[in-house]
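Topology and contacts: notes
Residues per chain, in single letters:
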Amino acid sequence: MFNFRETGPGQWRWSFTFRDQTMACGEGFPSELSARKAAESFASGVGLALIDLIGHR
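Figured I'd write up the structure that's included with this text. Quick caveat, the model's predicted, so the values are computed rather than measured. (Residues numbered from 1 in each chain as written. Predicted model: local features only at pLDDT ≥ 70, side-chain atom pairs only at ≥ 80, totals over all residues. Heavy atoms only, no water.)

**A closer look at the overall build of the protein chain**
- When you go through the protein chain residue by residue, the secondary structure sums to 1 helix and 3 strands.
- By the compact-globule yardstick of 10 Å for 57 residues, the protein chain is too spread out, its C-alpha radius of gyration being 13 Å.
- The principal-axis extents of the C-alpha atoms in the protein chain amount to approximately 45 × 25 × 10 Å.
- Buried residues in the protein chain amount to 18% of all 57 residues.
- Long-range pairs, those at least 24 residues apart, make up 19% of the contacts in the protein chain with a sequence separation of at least 6.
- Only carbon and sulfur atoms are counted for the fraction: they give 57% of the accessible area of the protein chain, which is about 4500 Å².
- Counting 6 positive and 6 negative side-chain charges, the protein chain places the centres of these two groups 4 Å from one another. (Helix = DSSP H or I, 4+ residues; strand = E, 2+ residues; numbered from the N terminus. Rg over C-alpha atoms; globule rule 2.2 N^0.38 Å. Buried < 20%, exposed > 50% of the residue type's maximum accessible area, 1.4 Å probe, protein only. Contact = heavy atoms within 4.5 Å. Areas by Shrake-Rupley, 256 points an atom, 1.4 Å probe, with all protein chains shown as cover. Lys, Arg positive; Asp, Glu negative; His and termini not counted. Charge placed at Lys NZ, Arg CZ, Asp CG, Glu CD.)

So, in structure tokens, the structure goes:
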């Protein structure tokens, strides 16, 4: 699950949590939208890596 929160004025953080463990995160984004875009880019990269891994079985 992705979570987004403001850590300070104008500072946003995204995190990806699975089974109560933070698996990945990014900090210091100037807006929630930019944090969401960064999380989307991360998710896309992970998805492509999984497709590549499965394709090489």
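**Looking at the pattern of salt bridges**
- Following the criterion strictly, the structure yields 2 salt bridges and no others.
- For Arg 13, the salt bridge identified is with Glu 27, shortest N-O distance 3.3 Å. Here Arg 13, found in strand β2 (residues 11-18), pairs with Glu 27, found in strand β3 (residues 21-29); they are 14 residues apart in sequence, far enough to count as distant.
- With a relative accessible area of 15%, Arg 13 lands in the buried category. (Salt bridge = Lys/Arg side-chain N within 4 Å of Asp/Glu carboxyl O.)

**Here's the deal with the nonpolar core**
- Residues Phe 4, Trp 12, Trp 14, Ala 24, Ala 35 and Ala 39 constitute the largest nonpolar core, which totals 6 residues.
- Ignoring any residue separated from it by four or fewer positions in sequence, one finds Ala 39 in contact with Phe 2, Phe 4 and Trp 14. (Core = buried A, V, L, I, M, F, W, Y, C linked by side-chain atoms within 4.5 Å.)

**Examining the sheet that holds β3**
- Across the sheet, 3 strands lie side by side as β1-β2-β3; this open sheet has antiparallel pairing. Because the sheet does not close on itself, it has two edges, and the strands there are β1 (2-8) and β3. Each strand axis lies, on average, 20° off the axis of its neighbour in the sheet, ignoring direction.
- One ladder, built from 7 bridges, connects β2 with β3; its direction is antiparallel. Bridged to Thr 17 within β3 is Thr 22. (Pairing = 2+ DSSP bridges. Axes fitted to C-alpha atoms, helices over the stretch in contact; angles between N-to-C directions.)

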